[in-house]
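# Architecture and fold: a report
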Amino acid sequence: MKRTIFYIMLLAAVSFSWKQSSAQTKEQTLEWFQNAKFGMFIHWGAYAEIGRNEWARANYKMSVAEYQKYIDRFNPVRFNPDEWMELAQDAGMRYMVFTSKHHDGFCMFDTKMTDYSIMHNNFGKDIVGMLSASAKKYDMPLGLYYSIREWYHPDYIQPGTWADRFEGLEKGPSKHAGSPNLDRYMDHVKGQLKELVTQYDPYVIWFDGTSQHTLEELRSYEISDYLKELKPEMLHNNRIFPKNIRDGNPNTFFGDFLTPERSTPTSQLLKPDGTLAPWEACNATQFHAWGYNRYETQFHTVPGLIQTLVSVVSKGGNLLLNVGPKPDGTIRGEDIIRLKAMGDWMKVNGEAIYDTKPGAFNLLPFYGKSTIKGNVIYVHTFEWPKDLVLRLPGLKSDIQKVYFLADKNMPVNYERAGSDVLIHLPERAPDESATVIALEFSGTLNVEKQDFILPQPSGSVRMPVHNAEITSIGTIKGYLEHDIAAGRTAFINWKQIWTNINYYFTTTEQGTYKIKLVGSEPGVGSRYVVSVNDQKIEGILATDNIVVVGDVKLSPGNHHIKLEFPEIKGAEAFRLQEIILEK
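This one's a predicted model, so the numbers in the text were calculated from it and none came from an experiment.

## Let's talk about helix H1 (residues 26–36)
Every buried residue belonging to H1 is among Lys26, Thr29, Leu30, Trp32, Phe33, Asn35 and Ala36, and all of these are buried. Contacts from the buried residues of H1 go to strand E1 (38–42), helix H9 (220–230), strand E5 (235–236), strand E6 (280–284) and strand E7 (318–323). Remark: Lys37 follows H1 within two positions and exhibits a positive phi of approximately 75°.

Right under this line is the structure:
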């Protein structure tokens, strides 16, 4: 079951700025990083010329010569790094990570380790160098993404099932043709890492592409120690250690921070010793790729992106939000619109994001999150209750003042109901994406935690999807979306059979409970499995938006229910809004 840390001491804001970077230790860099909260990820390379995302060469099995045509055409004459910096700052982003080399192996920096770089195509300018100079000018910390996986270098060897995907993909020329040597390749990697650190002074090396390797093959600890020698205060993520190794060793914390991808963890991420782990969720404005895809038609909404940022921060993480620039070096209008809107929201509500700690509430009766800074609790609500009352359960602290960040002069009435605080809301939300309510308290923060969803007076249990624990073997492509007009929140885009939804709840009466799934857009013919403790019920979706699953017998106590779809028919399984156990 999920675990949550509750802070009961007053929390101080960060006491140093990035401009003091020359005096930082790694611990200070990590402290700055955890307080920055919001960064820009940029996937950009010669693949943008193809316009079918960063995997184009592998997906279309292009030869070296065929891909070289796009490299030769890649001439981003409209690239202006200052414009990128200004866009990131206007969006409220406090750092940037750029792809110095992706899986295609084409380097966007001045490297002496290979001629396969931007310095040897028609553009002939050091992209990373230009970004680095602009980043220093704008005081924007710059990190560098670096892929270990490479389709061009003749010495790289991809093990495991990934090898089948790259079978037959032509590599670059080599004097060791036909005799790849991964150890020799890792020497090449060390040489390029030295160039990146000494030439561009990044705050982080953001590794990727290490799946199914061993620690010994990648010399993971050696690489980690080498980076410490090059720049002791610099961070690196956990991905220099292969995912299979990380997953198989839960008692070891690898790297400086964790990197969940395209998903928001449903609870705080912890180190093996139980303390809060540094982590950064990476996601993108577009649905289906990281690099530029000229055919992309699906983009996340502004409310969805803001709510993702809040959800990540409320659990102690950072959001690294990706854009994929066009081949000419400009950023798409769809991205600019979204980033500017996020910036407008941050200008009003940034104090509830930057320098904050995770919220103290576990289960809220409404779709929303919370953060804490000093003696202020910030409640971010994504929906507006129909009764215009926002209930904060178990908040026992002495509340001194309540106000909206969007209008600090608007009167806000509140009252205490036992251990709960009730906030009386106006007719309309000041901000439909996420309205932030600040509660100033005195003394220590005292919140009675709630780990289980409690039954209603009737004995029935209603479990809204915003209180679900959503788990998956890999990346979770589904996400929560709130329909403002209908006043409903649903988990949508459920397309993966390894994704499942879990709840932890309490019953106070012994008896038979009828299970109902409430939602919309059922994937007719999809097979579902509902497990309640050791009881399991299977069924097939029809066209109903309310699915009567069946009955289970429960005694008073705490329970676990899980919903999964081992077979999905149609575009998606089911847009779940809530699960009801009807007494």
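Read on, since the account is not over.
## Details of unusual backbone geometry
In this structure, Arg219 takes a positive phi of about 50° despite not being glycine. Tracing the backbone shows Arg219 in the loop between helix H8 (215–218) and H9. For Arg219, a relative accessible area of 13% translates into the label buried. Unlike most non-glycine residues, Asp355 shows phi in positive territory, near 60°.

## Notes on the pairing of strand E18 (residues 479–483)
Pairing between E18 and strand E19 (residues 488–492): five bridges, direction antiparallel. Paired with Glu481 across the two strands is Ala490, which belongs to E19. Between E18 and E19, which pair antiparallel one after the other, the connecting turn spans four residues, and Gly487 there sits at a positive phi close to 70°.

## Comments concerning the side chain of Thr435
Among the structural elements, Thr435 can be located in strand E15 (residues 435–442). Within polar-contact distance, the side chain of Thr435 engages the backbone oxygen of Asp431 at 2.7 Å. Setting aside its immediate chain neighbours within four residues, Thr435 contacts Val379, His380, Thr381, Trp384, Phe404, Ala429 and Pro430.

## Observations regarding the sheet that holds strand E11 (residues 389–392)
Strand pairing in a sheet relies on backbone hydrogen bonds, with the paired strands running either antiparallel or parallel. A sheet is described by the order of its strands in space; here three strands give the open sequence E11-E14-E13, paired in antiparallel fashion. Looking at which strands have only one partner, the edges of the open sheet turn out to be E11 and strand E13 (413–417). For this sheet, the mean inter-axis angle between neighbouring strands, taken without regard to orientation, is 20°. Sheet topology places E11 next to strand E14 (residues 420–424); four bridges connect them, and they run antiparallel. Paired with Val389 across the strands is His424, a residue of E14.

## Some points on the packing of helix H4 (residues 81–90) against helix H5 (residues 127–137)
Look at H4 against H5: their axes get within 9 Å of each other, and the N-to-C directions meet at 45°. On the basis of their axis angle, the class for H4 and H5 is oblique. Two packed elements cross with a definite hand, and for H4 against H5 that hand is right-handed. Here Pro81, Asp82, Trp84 and Met85 of H4 lie close against H5, whose contacting residues are Met130, Leu131, Ser134, Ala135 and Lys137. When grouped by side-chain class, the residues that make up the contact of H4 with H5 number six nonpolar, one polar and two charged.

Rules used throughout
Residues numbered from 1 in each chain as written. Predicted model: local features only at pLDDT ≥ 70, side-chain atom pairs only at ≥ 80, totals over all residues. Heavy atoms only, no water. Buried < 20%, exposed > 50% of the residue type's maximum accessible area, 1.4 Å probe, protein only. Helix = DSSP H or I, 4+ residues; strand = E, 2+ residues; numbered from the N terminus. Contact = heavy atoms within 4.5 Å. Pairing = 2+ DSSP bridges. Polar contact = N/O pair within 3.5 Å; in protein donor to acceptor, adjacent residues only side chain to side chain. Axes fitted to C-alpha atoms, helices over the stretch in contact; angles between N-to-C directions. Parallel < 35°, antiparallel > 145°, perpendicular 65-115°, else oblique. Left-handed = near helix turned anticlockwise from the far one by under 90°. Nonpolar A, V, L, I, M, F, W, Y, C, P; charged D, E, K, R; others polar.

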